[in-house]
Amino acid sequence: MLAASVSMTVAWYIGSSYLAVNNIIIGLHDKHLSISTDNENFKDFIPDDELMSVGKFRAVSTMFCEDWIERKEPVPVFKGSFGTSTRNVVNSVEDANRASSGYFSQEIFIKCDSDVYLTLDTEKTVFEFDEEGNLAQIQELREKYPGLTDDEILFNLNNVVKSLRISLLVLNDSDDESEEFPDYAYYIVDPFKDKITYMGGILDTDKDGFYDYSRDKKEVLYGQSHSSNEEKTVEECLVYKDPTENDEEVSTKELTCFTSGNKAGVSKIDFEASFANGLILEEERSIALEDAEEEILIPLKTDISKRIVLSFYQEGWDIENTDFVRYSQFYVNVLFKIARPMY
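Small disclaimer: the values here were computed from a predicted structure and weren't measured.

Peer 1: For this particular structure, what's the right way to read the overall build of the protein?
Peer 2: In terms of regular secondary structure, the protein is built from seven helices and 20 strands. The 343 residues of the protein split such that 52% are buried. Partitioning the contacts of the protein with sequence separation of at least 6, the portion at a separation of at least 24 is 74%. For the protein, the exposed surface amounts to about 16300 Å²; the carbon and sulfur share of it is 45%.

Peer 1: I would appreciate a short explanation of the sheet that holds strand β7 (residues 89-90) in the present structure.
Peer 2: Two strands in a sheet stick together by hydrogen bonds in their backbones, pointing the same way (parallel) or opposite ways (antiparallel). Pairing in this open sheet of three strands is mixed, and the strands run β7-β14-β13 from one edge to the other. Strands at the two margins of the open sheet, each flanked by one partner only, are β7 and β13 (200-201). Of the strand pairs in this sheet, β7 and strand β14 (residues 221-223) are connected by two bridges, and their pairing is parallel. Its bridge partner being in β14, V90 is matched across the sheet by Y222.

Peer 1: Where do I start with unusual backbone geometry in this structure?
Peer 2: For residues other than glycine, phi is negative in most cases, and the peptide bonds are mostly trans. Look at N39: it is not a glycine, yet its phi comes out positive at around 65°. Relative to the helices and strands, N39 resides in the loop between β4 (33-36) and β5 (45-46). We classify N39 as partly exposed; its relative accessible area is 26%. At K217, a residue that is not glycine, the phi angle is positive and equals roughly 60°. Its location among the elements puts K217 in the loop between β13 and β14. You can call K217 partly exposed: its relative accessible area is 41%.

Peer 1: For this particular structure, what's the right way to read the packing of aromatic side chains?
Peer 2: Counted according to the given criterion, the structure contains 10 aromatic pairs. With centroids separated by 6.5 Å and ring planes inclined at 50°, the aromatic side chains of F127 and F312 adopt a geometry described as tilted. Of the two residues, F127 is situated in strand β10 (residues 126-129) and F312 in strand β19 (residues 306-315); the sequence distance between them amounts to 185 residues. The exposure classification of F127 matches that of F312, with both residues buried. Members of the aromatic cluster, joined through ring pairs, are F82, Y222, F258 and W317. We note K111 situated over the ring of F42; from NZ or CZ to the ring centre the distance is 4.3 Å.

Peer 1: Help me out: how do you make sense of the pattern of salt bridges in this one?
Peer 2: Inspection of the entire model under this criterion finds 13 salt bridges. Among the ionic pairs, D150 bridges to R142, the shortest N-O distance being 2.8 Å. In this structure, K195 and D194 form a salt bridge, with 3.4 Å as the shortest nitrogen-oxygen distance. What makes D194 exposed here is its relative accessible area of 64%.

Peer 1: It is not clear to me how the pairing of strand β9 (residues 116-120) should be interpreted in this structure. Could you clarify?
Peer 2: Across the five residues of β9, five count as buried, placing the element largely inside the fold. Residues V116, L118 and L120 of β9 are buried on one face, and the alternating residues Y117 and T119, pointing to the opposite face, are buried as well. In terms of strand pairing, β9 meets strand β20 (residues 330-341) through five bridges, oriented antiparallel. Opposite L120, over in β20, you have F336 as the bridge partner.

Peer 1: I keep staring at the layout of surface pockets and nothing clicks. Help me out?
Peer 2: Within this model, the largest pocket holds a volume of roughly 780 Å³. Lining the largest pocket are 32 residues, and of these A59, V60, G80, S81 and C257 lie nearest its centre. When its residues are assigned to classes, the lining of the largest pocket shows 12 nonpolar, 12 polar and eight charged. Computed from the structure, the second largest pocket encloses a volume of approximately 310 Å³. Forming the boundary of the second largest pocket are 14 residues, of which Y198, G200, G201, L281 and I319 lie nearest the centre. Secondary structure elements with two or more residues in the lining of the second largest pocket: β13 and α6 (271-276). The residue makeup of the lining of the second largest pocket, split by class, is nine nonpolar, three polar and two charged.

Peer 1: How should I be thinking about a negative patch on the surface in this particular structure?
Peer 2: A surface patch of like charges, here negative, comprises E290, D291, E294 and E295. In this fold, E290 is placed in the loop between β17 (287-288) and α7 (292-295).

What counts as what
- Residues numbered from 1 in each chain as written.
- Predicted model: local features only at pLDDT ≥ 70, side-chain atom pairs only at ≥ 80, totals over all residues.
- Heavy atoms only, no water.
- Helix = DSSP H or I, 4+ residues; strand = E, 2+ residues; numbered from the N terminus.
- Buried < 20%, exposed > 50% of the residue type's maximum accessible area, 1.4 Å probe, protein only.
- Contact = heavy atoms within 4.5 Å.
- Areas by Shrake-Rupley, 256 points an atom, 1.4 Å probe, with all protein chains shown as cover.
- Pairing = 2+ DSSP bridges.
- Phe/Tyr/Trp six-rings, centres within 6.5 Å; stacked < 30°, edge-to-face > 60°.
- Lys NZ or Arg CZ within 6 Å of the ring centre and 35° of its normal.
- Salt bridge = Lys/Arg side-chain N within 4 Å of Asp/Glu carboxyl O.
- 1 Å grid on protein atoms, 1.4 Å probe; cavity = no way out; pocket = protein on both sides within 12 Å on 5 of 7 lines; lining within 4 Å.
- Points joined across faces, edges and corners; volume = space filled by probe spheres on them.
- Nonpolar A, V, L, I, M, F, W, Y, C, P; charged D, E, K, R; others polar.
- Patch = residues over 30% accessible without salt bridge, like charges linked within 9 Å, V, L, I, M, F, W, Y side chains within 5 Å.
- Lys, Arg positive; Asp, Glu negative; His and termini not counted.
- Charge placed at Lys NZ, Arg CZ, Asp CG, Glu CD.

Here it is as structure tokens:
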């Protein structure tokens, strides 16, 4: 998905004024607020050549984010692919590659002329698929996905928007020279949150039509997991079913690494029994959009800039995230508002 095909509108506003990002172009229309990308030149407009270039969106993840949050890293660390493994369990922070592209992440500095708390405007923050743009993709995608009808292609293109996330990394004020950022906080918002997204599971990473398996002919457990029993490892928590006698394939319509087949002779993980045996899959630390106004409070002191890293990305462990992310077009409209005065 080309950056030019994404309409992002990010609004920081007091009253009816706002700061807008359209196709990665920022303009400010409010005398109370000013914005900068270098913390020196504050203005009411930031051209696209000062902002990060997105390129194509790809699946990334915030799994293992506790690792870099504990160290108070100055930028969020998104994880990419694992790669095929011969081990039974792949669950360390080093196992997942760090993603260097495929998402939008921009450092900005915001000033206000009074002491306030900033938050998301949940009523005006909207994530929508671009049906007209997605319709235009259908003819090209017929050749790539001959097993799908036009309606099924369109549904998959539109559905990708449900795996989108907003994240906000709040850092220090410009007058604070300490290394320990006093206001350090990281927020993840899932605009379509209606279920738990688990940051681990079985995958078909090489897309060969079968879930990955180890040299022991057992399904590989990927992602962030741990044991509820300190005396047990994650691998000791896993319970397996008897090996399958024949290949169990799935329809080619299932375009996701989460829905694949089972290779003959491979033992499948019995997740229900494994959970009972102490296995825990980490839950995504996202909040629902409707809860954002209460849970996100960003302090702004009078005429002192606040350093914030604003990101938009596709969560790779969201089951709505399919191969269609490469072709889907969507609109992102995110607004921030003054929650209340600081004092």
